[in-house]
Amino acid sequence: MNAIVVYKTKYGSTKTYAEWIGEELNCKTADAKEITIDELEKYDTIIYGGGLYAEIINGVILITKNIERLKNKKIAVYTTGITPLDCREYYDKIVVEKNFKNGLPQCIKIFNFTGKMIINELTAVHKAALKTLKKIMSSKKEPTEMEKLLIELCDADGDFCDRSQIAELVKYIVS
Ligand SMILES: Cc1cc2nc3c(=O)[nH]c(=O)nc-3n(C[C@H](O)[C@H](O)[C@H](O)COP(=O)(O)O)c2cc1C
């Protein structure tokens with residue numbers, strides 16, 4: 001199999017998953033910063049990973065803006081984030097709609113993994129962004145269940161990376 005795992009990470013969660021997937025599939029991994037679309041085009045199978053930041057999959061534009069060139073390949077996109085994996089409406093609707101404006105292309109299958117958020121490691125800008133988000137959500141008179149969860153998640157602090165979560169993605173790629 002001619003496959004590559006490409007990732008974009010700020011705090012390391014997405015890279016950790018890339019390395020686990022690379023080990024399982026015995027394939028190359030690369031930081032998105034180090035790869036061009038011309039190089040990417042040489043692979044038949046592409047796994048792209050990015051952390052979620054305000055529902056945007058970090059760097060996924062590498063795939064979406066080049067979809068015409070990549071549409072005949074097998075592509076898996078994985079996200080890492082702190083939203084619990086059973087929030088299917090969040091992942092299957094909100095995240096998909098925000099990142100794939102024309103709908104999810106047929107060649108792409110999405111997987112979601114839990115990442116890490118260690119408050120002490122965050123940049124000042126990220127700490128401030130979380131504080132602002134929490135303030136906005138908390139000021140709502142009648143927050144929805146999703147908004148209540150988002151308020152809680154702003155205080156999440158821990159490493160929730162878990163190698164067993166990659167099993168489904170690995171199975172899909174080798175199938
Ligand atoms: C400013 C900020 C915004 C975030 N937004 C989201 C989000 O919308 N959804 C989510 O599930 N996690 C969110 N997270 C958590 C990160 O996605 C999570 O920590 C991820 O694993 C980081 O991946 P990375 O370390 O590879 O960059 C956010 C974290 C920060 C600091």
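Remarks on unusual backbone geometry
Thinking step 1. Positive phi, normally seen in glycine, also occurs at Asn-26, with a value near 55°.
Thinking step 2. Relative to the elements of secondary structure, Asn-26 occurs in the loop between α1 (13-25) and β2 (28-31).
Thinking step 3. A positive phi angle is found at Glu-55, which is not glycine, with a value near 70°.
Thinking step 4. By secondary structure assignment, the location of Glu-55 is in the loop between β3 (45-53) and β4 (56-57).
Thinking step 5. Assessed through its relative accessible area of 16%, Glu-55 is described here as buried.

Description of the site of the ligand
Thinking step 1. In the neighbourhood of the ligand, 22 residues make up the surrounding shell, with Thr-9, Thr-14, Leu-52, Tyr-53 and Lys-116 lying closest.
Thinking step 2. One nitrogen or oxygen atom from the side chain of Thr-14 is found 2.5 Å from an oxygen atom belonging to the ligand.
Thinking step 3. At 2.6 Å from an oxygen atom of the ligand is found a side-chain nitrogen or oxygen belonging to Tyr-53.
Thinking step 4. When residues of the shell around the ligand are assigned to their parent elements, the largest contribution, 3 residues, is made by β3.
Thinking step 5. Along the lines of polarity and charge, the residues of the shell around the ligand split into 9 nonpolar, 10 polar and 3 charged.
Thinking step 6. When residues of the shell around the ligand are sorted by domain, at least three fall in each of domain 1 (3-116 + 159-174) and domain 2 (119-156).

Considerations on the nonpolar core
Where a protein is soluble and globular, its nonpolar side chains tend to be buried together.
Thinking step 1. Of all hydrophobic cores here, the largest spans 30 residues; its most connected members are Leu-40, Ile-63, Ile-75 and Ile-108.
Thinking step 2. Top element by residues in this core is helix α5 (residues 88-99). It accounts for 4 residues.
Thinking step 3. With sequence-adjacent residues up to four places away left out, Leu-40 is seen in contact with Ile-4, Val-6, Ile-35, Ile-46, Leu-62, Ile-63, Leu-70 and Lys-73.
Thinking step 4. Within the second largest apolar cluster, 18 residues are counted, among which are Tyr-17, Ala-18, Trp-20 and Val-170.

Considering the pairing of strand β6 (residues 108-114)
Thinking step 1. Counting buried positions along β6 gives 6 out of 7 residues, so the element sits mostly inside the fold.
Thinking step 2. Here strand β5 (residues 74-81) runs beside β6; their pairing, made up of 7 bridges, is parallel. Within β6, the position partnered with Ile-75 by the bridge is Ile-108.
Thinking step 3. Crossover β5 to β6 through α5 is right-handed.

A closer look at the side chain of Asn-58
Thinking step 1. In this fold, Asn-58 is placed in the loop between β4 and α3 (61-64).
Thinking step 2. Judged by its relative accessible area of 10%, Asn-58 falls in the buried class.

Looking at the domain arrangement of the chain
Thinking step 1. One can read the domain layout of the chain as domain 1 (3-116 + 159-174) and domain 2 (119-156).
Thinking step 2. Each of domain 1 and domain 2 was reduced to a C-alpha centroid, and the two centroids are 25 Å apart.
Thinking step 3. Of the residues lining the interface, 9 residues belong to domain 1; the matching set on domain 2 comes to 8 residues.
Thinking step 4. It is Tyr-11, Ile-82 and Tyr-90 that lose the most area in domain 1 upon contact with domain 2, and together they represent 55% of the buried surface on that side.
Thinking step 5. Where domain 1 packs against domain 2, one counts 1 salt bridge.
Thinking step 6. A salt bridge links Glu-121 to Lys-116; the shortest N-O distance between them is 3.5 Å.
Thinking step 7. The residue makeup of the side of domain 1 that touches domain 2, split by class, is 6 nonpolar, 1 polar and 2 charged.

Conventions we followed
- Residues numbered from 1 in each chain as written.
- Predicted model: local features only at pLDDT ≥ 70, side-chain atom pairs only at ≥ 80, totals over all residues.
- Heavy atoms only, no water.
- Helix = DSSP H or I, 4+ residues; strand = E, 2+ residues; numbered from the N terminus.
- Buried < 20%, exposed > 50% of the residue type's maximum accessible area, 1.4 Å probe, protein only.
- Near = heavy atom within 4 Å.
- Polar contact = N/O pair within 3.5 Å; in protein donor to acceptor, adjacent residues only side chain to side chain.
- Nonpolar A, V, L, I, M, F, W, Y, C, P; charged D, E, K, R; others polar.
- Domains from an automatic or database assignment.
- Core = buried A, V, L, I, M, F, W, Y, C linked by side-chain atoms within 4.5 Å.
- Contact = heavy atoms within 4.5 Å.
- Pairing = 2+ DSSP bridges.
- Right-handed = clockwise from strand over helix to strand, strands pointing away.
- Buried area = accessible area lost by both parts, 1.4 Å probe.
- Salt bridge = Lys/Arg side-chain N within 4 Å of Asp/Glu carboxyl O.

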